Amino acid sequence: MGSLKFTSLIPCKSSSLIPIPNKYANHEAIGQLGFAPLWKRRGAACLRLRASVAGGSGGGGQDGASAVEDQQKDKKGVFLGAERDGSGSVIGFNLIPPNGELNVIDSPEDVSSLRREESVEIDGKEISKASVTYNVVFVSAEAAPYSKTGGLGDVCGSLPIVLAARGHRVMVVSPRYQNGTAADRKYSGAVDLETRVKVYCFGGEQEVSFYHEYRAGVDWVFVDHPSYHRPGNPYGDSLGAFGDNQFRFTLLCHAACEAPLVLPLGGFTYGEKSLFMVNDWHAGLVPLLLAAKYRPYGVYKDARSILVIHNLAHQGVEPGVTYKNLGLPAEWYGALEWVFPTWARAHALDKGEAVNILKGAIVTSDRILTVSEGYSWEITTVEGGYGLNELLSSRKSVLTGITNGVDVVEWNPSTDVHTASHYSADDLSGKVQCKLALQKELGLPLRPDCPLIGFVGRLDYQKGIDLIQLGMPQLMEDDVQFVMLGSGDPVCEDWMRATEATYKDKFRGWVGFNVPVSHRITAGCDILLMPSRFEPCGLNQLYAMRYGTVPVVHSTGGLRDTVVNFNPYAQGGKGDGTGWTFSPLTKESMLAALKLACRTFREYKPSWQGLMKRGMERDFTWESAAIKYEQVFGWAFIDPPYVK
Ligand SMILES: Nc1ncnc2c1ncn2[C@@H]1O[C@H](COP(=O)(O)OP(=O)(O)O[C@H]2O[C@H](CO)[C@@H](O)[C@H](O)[C@H]2O)[C@@H](O)[C@H]1O
């Protein structure tokens, strides 16, 4: 057992000061009260020392208690009692401070103010500290800025930083992709930890290694293996998805389970009492491995896992015969078992047997999160459940939706390094400069009064590209300009090129993935179109609102949750809302919403300014979301972990 290390000191505070009542000199009695009901004990106050032990967070025991008693002797504080986890290990201490002046917590409201009393700054923004902290391990196929093909990368690149700023110990585990381009340099700050781990899967032994960079308070851990070194993006190349993705992400999951046990980051491992944040199917084997490979042998019995569903359409489904490759015990097949309905089978002899990794994660994770409240309901319906609606409905009691936040440092119109000019809700004058610069960059006529509509995103069925294609000829009859940035479906990429050739003065299609251009489109356009078929949260509409660009969106999932439909007659004719939400998902309703938006832009300038400003003033910070995440972390540790 290693030596006890005090990692933080969290004083409880409120306004009134009273002396220590004698009864609290009885350590044993107070120890039984624990920490939670403190505000009910008028006269009691505490200093809470969070303890962690070298070599793992689960130990402590006698060493820890005596260390505190020694400290008490020196400073004459009073030891109220040790806080223990379910296994009896000491994880913290409640102390009466030695100075004799006690701060009283009178009510739960005081406790919430306590959450805000300690704070740190991230790039000039003050972030409050959490009152209870965890060792959090994000597992994800992408994490910006290292790797990003969409919103998953954004979330796993920014939420960990805010959680770390709030006092949690946070590690992000993702692959170390090397595709032979300049993008490889993004990993140049990560050093080889010289720790090799053998993974048993796919009928053999695979060796993975770990690279590490400590940045913005987060341990960024990159799993290295030759299968992550190839041209293309994290999932595929110009020929389509890689055929060995099941193998590549199985490696990621095994390695991620080992990382908290074997990597002494900053001198200490994260240990067994870690909280795994399992992002989408690529990380979906993690809760299964915890339950099937580790917990039966006494390892990770205090760990918890939370599955975060960013997109239910991708589930990691492969033929049932591949189960033996995953490194799981044979008797766990049922957790992943998936049988396709008869109509979806390839031929008469096909039994439709498959393994579904996301299904296994839904069954075995301790809690489930989606990235908006609306989507957390939609996935329990036949229309939005992609075959998993019944299973998800059965887990409704542990299912929560939390809307994503925005990285307010990267997406800030008053400091954006990618845009031609800067502006804010108080001074919008720079926005038109951004618009003119974008029109110039795209070779479109420089026309500040012509509505400029934008689209940024993956060219995918999900994003409703077919609707844009259908509506384009009619839209181009109007006096508007349209710019699309996206990559994905090659047929759609060709359509963008052809449409640009047809409407030279009105349409621009930028095929590719280009972050600076996405910023310039967000800043330079007047309207952002998102006709998504379904949208778990959607980030571009949040970025758009922050940049005073008015979203026109299909009323679904996170889009419906975050965009408030404009009502010009609300508030005594002053108007209300931040954009337009249209439904049903038809060309007609999309074009009608766009028409209304363009007309408001041209003819009702004060209304337009109101729309812009209300959007810019919305709170979509990650800090608000992180506080809700912490609530779910707490719930995850209240219930026992999943066991078969
Ligand atoms: N060609 C291009 N060039 C530059 N940047 C581009 C780009 N194409 C897309 N992007 C960027 O990628 C991100 C896309 O985020 P979204 O949330 O809109 O969608 P995505 O469907 O990938 O994510 C899934 O996960 C996220 C996160 O939870 C959910 O919000 C979402 O609903 C769900 O579908 C944005 O930052 C966008 O600017």
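The structure reproduced in this document is the subject of the present report. In this text the structure is predicted, and so the values were computed from the model without any measurement.

### Some thoughts on the packing of aromatic side chains
And then number 1: One pass over the structure, following the stated rule, counts 23 aromatic pairs.
And then number 2: Residues Y146 and Y187 carry aromatic rings whose centres are separated by 5.8 Å and whose planes lie at 35° to one another, so their mutual orientation is tilted. Of this pair, Y146 sits in the loop between strand 9 (135-139) and helix 4 (151-165) while Y187 sits in the loop between strand 10 (169-175) and strand 11 (191-201); the two residues are 41 residues apart in sequence, bridging distant segments of the chain.
And then number 3: Here Y146 falls in the buried class, since its relative accessible area comes to 6%.
And then number 4: For Y187, a relative accessible area of 4% corresponds to the buried category.
And then number 5: Where Y235 meets F249, the ring centres are 6.1 Å apart and the plane angle is 45°; that geometry is what we call tilted.

### Details of helix 13 (residues 490-502)
And then number 1: Helix length check: helix 13 (13 residues) gives 19 Å between terminal C-alpha atoms against 18 Å at 1.5 Å per residue, within 8%.
And then number 2: Of the residues making up helix 13, those classed as buried are C492, E493, W495, M496 and T499. For helix 13, the angular spread of buried residues about the axis comes to 155°, placing them on one side. Relative to its buried face, helix 13 has exposed residues pointing more than 90 degrees away, namely P490 and V491.
And then number 3: The elements touched by buried residues of helix 13 are strand 23 (452-459), helix 12 (465-475), strand 24 (481-488) and strand 25 (507-511).

### Overview of the pattern of salt bridges
And then number 1: The tally for this structure, following the rule as stated, stands at 19 salt bridges.
And then number 2: Among the ionic pairs, R166 bridges to E623, the shortest N-O distance being 3.7 Å. Taken together, the residues R166 in the loop between helix 4 and strand 10 and E623 in helix 20 (residues 622-638) connect sequence positions 457 residues apart. Each member of the pair, R166 together with E623, is buried.
And then number 3: Put simply, D479 and R447 hold a salt bridge, and the shortest N to O gap is 2.7 Å. Residue D479 is located in the loop between helix 12 and strand 24, and its partner R447 is located in the loop between helix 11 (429-442) and strand 23; the two are separated by 32 residues in the primary sequence.

### Let's talk about the site of the ligand
And then number 1: Near the ligand there are 29 residues, and of these D154, H310, R458, G512 and E535 occur at the shortest range.
And then number 2: At 2.8 Å from a nitrogen atom of the ligand is found a main-chain nitrogen or oxygen belonging to G512.
And then number 3: In isolation the ligand has 720 Å² of accessible area, and contact with the protein removes 97% of it.
And then number 4: With 4 residues, the top contributor of residues to the shell around the ligand is helix 4.
And then number 5: Partitioning the shell around the ligand into residue classes produces 11 nonpolar, 13 polar and 5 charged.
And then number 6: Of the residues that make up the shell around the ligand, three or more belong to each of domain 1 (134-314 + 365-405 + 626-638) and domain 2 (428-619).

The rules behind the values
Residues numbered from 1 in each chain as written. Predicted model: local features only at pLDDT ≥ 70, side-chain atom pairs only at ≥ 80, totals over all residues. Heavy atoms only, no water. Phe/Tyr/Trp six-rings, centres within 6.5 Å; stacked < 30°, edge-to-face > 60°. Helix = DSSP H or I, 4+ residues; strand = E, 2+ residues; numbered from the N terminus. Buried < 20%, exposed > 50% of the residue type's maximum accessible area, 1.4 Å probe, protein only. Expected span 1.5 Å × (residues − 1). Arc of directions from axis to C-beta. Contact = heavy atoms within 4.5 Å. Salt bridge = Lys/Arg side-chain N within 4 Å of Asp/Glu carboxyl O. Near = heavy atom within 4 Å. Polar contact = N/O pair within 3.5 Å; in protein donor to acceptor, adjacent residues only side chain to side chain. Areas by Shrake-Rupley, 256 points an atom, 1.4 Å probe, with all protein chains shown as cover. Nonpolar A, V, L, I, M, F, W, Y, C, P; charged D, E, K, R; others polar. Domains from an automatic or database assignment.

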